[in-house]
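Remarks on the overall topology
The primary structure of each chain is shown beneath.
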Amino acid sequence: MTAGVELRVYAELNDFLPPQARYQVLWRPARPHQTVKDVVEAAGVPHTEIDLLLVNGESVDFAHRPHSGDRLAVYPVFETLDIGSLTRVRPRPLRDPRFLVDVNLGGLARFMRLMGFDIRCEFAADDAELAEISAAEHRILLTRDRGLLARRIVTHGVFVRSDRPLDQIVEVITRLDLAERLAPLTRCVRCGAILADVAKRDIADQLPPLTRRYYDTFRQCRGCGRIYWAGAHQHRLDDLIARIRRAVDERSRAGTGEPSAEASVRRTSPAAHRTEASSPARRPNRP
């Protein structure tokens, strides 16, 4: 028999395996120079999704080199079980979570900004560039590309399982325990910079006549200069935010694997819920 190890992957990490290989013991080839990280990622599981590795019942780190015949058990992040005395392979959470998304998650990025998160979009960057940005700026990489998460330089990343942006943001907030960090309507949905209060007199010449007549409270993006006010669609925007909060709360209390948020958040295009906004360079429009 070829030298190798017995591999058992637990819980949602099975999603990364072929259907016929899930929820069972697998025999995986392992060469003497390979680490447990190499073996697990060769099976398809990104290292950023792993919280605990056991070899023959003993916790090890990613650099451990298994011997032929060893039993390797791989576990995801533990939400309720205390494993503090064991060797956790997942890095400590970033104190001030900031994010980076690739081209496949533009809709999620928009909703993350809506809920107040610092998120950088690099839709033209290749995998190497994304990995470098994530490491250099200490940003959590959100992606649906498991190969990108397998890059050694990536220390903090999340494989986003859900298909729709509304389900995706509920998934990310819940998995990373971000519910207490929500700060809706504090960032520009176009560039992600912070919004600040601005006096009407300072931007009056940039407002359309009816807006200048009927609205008095405004905020302006510190980055791109876009102007926001509570326009005709504000109630729909407030409803969307409330639905996201409710879906996060329900999922957190349920404590289940990957439920859809569709029951609590209607399938809606991000473009349907926006604050009125204007740019200094053109007539007011919506982000």
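Remember, predicted model here, so these are calculated numbers, not experimental data.

**Here's the deal with the pairing of strand 8 (residues 140-143)**
Of the two faces of strand 8, the one lined by I140 and L142 and the one lined by L141 and T143 are each fully buried. Across three bridges, the pairing between strand 6 (residues 99-101) and strand 8 is parallel. The residue of strand 8 that forms the bridge with L100 is L141. The pairing of strand 8 with strand 9 (residues 157-159) spans three bridges and is parallel. Pairing of T143 across the sheet is with F159, part of strand 9.

**So, the nonpolar core**
Among the nonpolar cores identified, the biggest contains 34 residues, and M112, L114, L142, I169 and I244 are the most heavily contacted of them. Only strand 6, helix 2 (106-114), strand 8, helix 5 (165-175) and helix 8 (234-254) provide two or more residues apiece to this core. Per element, the largest residue contribution to this core is six residues, and it comes from helix 8. In contact with I169, not counting residues within four places along its chain, are L108, F111, M112, M115 and I244. Judged by nonpolar contacts, the second largest core, of 31 residues, contains L13, L17, A21 and L141.

**Some words on the pattern of salt bridges**
Overall, the coordinates contain 14 salt bridges when judged by the stated rule. Taking the shortest distance from any N to any O, the salt bridge between R120 and E137 comes out at 2.3 Å. Of the two residues, R120 sits in strand 7 (residues 119-121) while E137 sits in the loop between helix 3 (127-136) and strand 8, which places them 17 residues apart along the sequence. By relative accessible area, which is 24% here, E137 ends up partly exposed. As a salt-bridge pair, D163 and R144 come within 2.9 Å of each other at their nearest N and O atoms. Of this pair, D163 sits in the loop between strand 9 and helix 5 while R144 is found in the loop between strand 8 and helix 4 (146-149), placing the two residues 19 residues apart along the sequence. Residue D163 is classed as exposed on the basis of its relative accessible area of 61%. The exposure class assigned to R144 is partly exposed, which follows from its relative accessible area of 32%.

**Brief notes about the environment of T143**
Its location among the elements puts T143 in strand 8. Judged by relative accessible area, T143 falls into the buried class, the value being 0%. Once residues within four sequence positions are removed from consideration, T143 is found in contact with D102, L105, L148, L149, V158, F159 and V160. A polar contact is formed between the side chain of T143 and the side chain of D102, at a distance of 2.5 Å.

**A word on helix 3**
Looking only at helix 3, the buried set comprises L130, A131, I133 and S134. Burial along helix 3 is one-sided: seen end-on, the buried residues are contained in an arc of 165°. Where helix 3 is buried, its residues meet strand 6, strand 7, strand 8 and helix 4. H138 sits one or two residues past helix 3 and shows a positive phi near 55°.

**A few points about the environment of F99**
Here F99 lies in strand 6. Residues contacting F99, with those up to four places away along its chain left out, are M112, F117, D118, I119, R120, R139, I140, L142, L176 and L178.

**Quick word on helix 8**
Between the first and last C-alpha of helix 8 there are 30 Å, a value that for 21 residues agrees with the 30 Å anticipated at 1.5 Å per step. Within the span of helix 8, buried status applies to Q234, L237, L240, I241, R243, I244, A247, V248 and R251. At its buried positions, helix 8 is contacted by helix 2, helix 5 and strand 12 (227-229).

Parameters and conventions
- Residues numbered from 1 in each chain as written.
- Predicted model: local features only at pLDDT ≥ 70, side-chain atom pairs only at ≥ 80, totals over all residues.
- Heavy atoms only, no water.
- Buried < 20%, exposed > 50% of the residue type's maximum accessible area, 1.4 Å probe, protein only.
- Helix = DSSP H or I, 4+ residues; strand = E, 2+ residues; numbered from the N terminus.
- Pairing = 2+ DSSP bridges.
- Core = buried A, V, L, I, M, F, W, Y, C linked by side-chain atoms within 4.5 Å.
- Contact = heavy atoms within 4.5 Å.
- Salt bridge = Lys/Arg side-chain N within 4 Å of Asp/Glu carboxyl O.
- Polar contact = N/O pair within 3.5 Å; in protein donor to acceptor, adjacent residues only side chain to side chain.
- Arc of directions from axis to C-beta.
- Expected span 1.5 Å × (residues − 1).

So, to be careful, I would describe these as geometric facts and stop short of saying anything about function.
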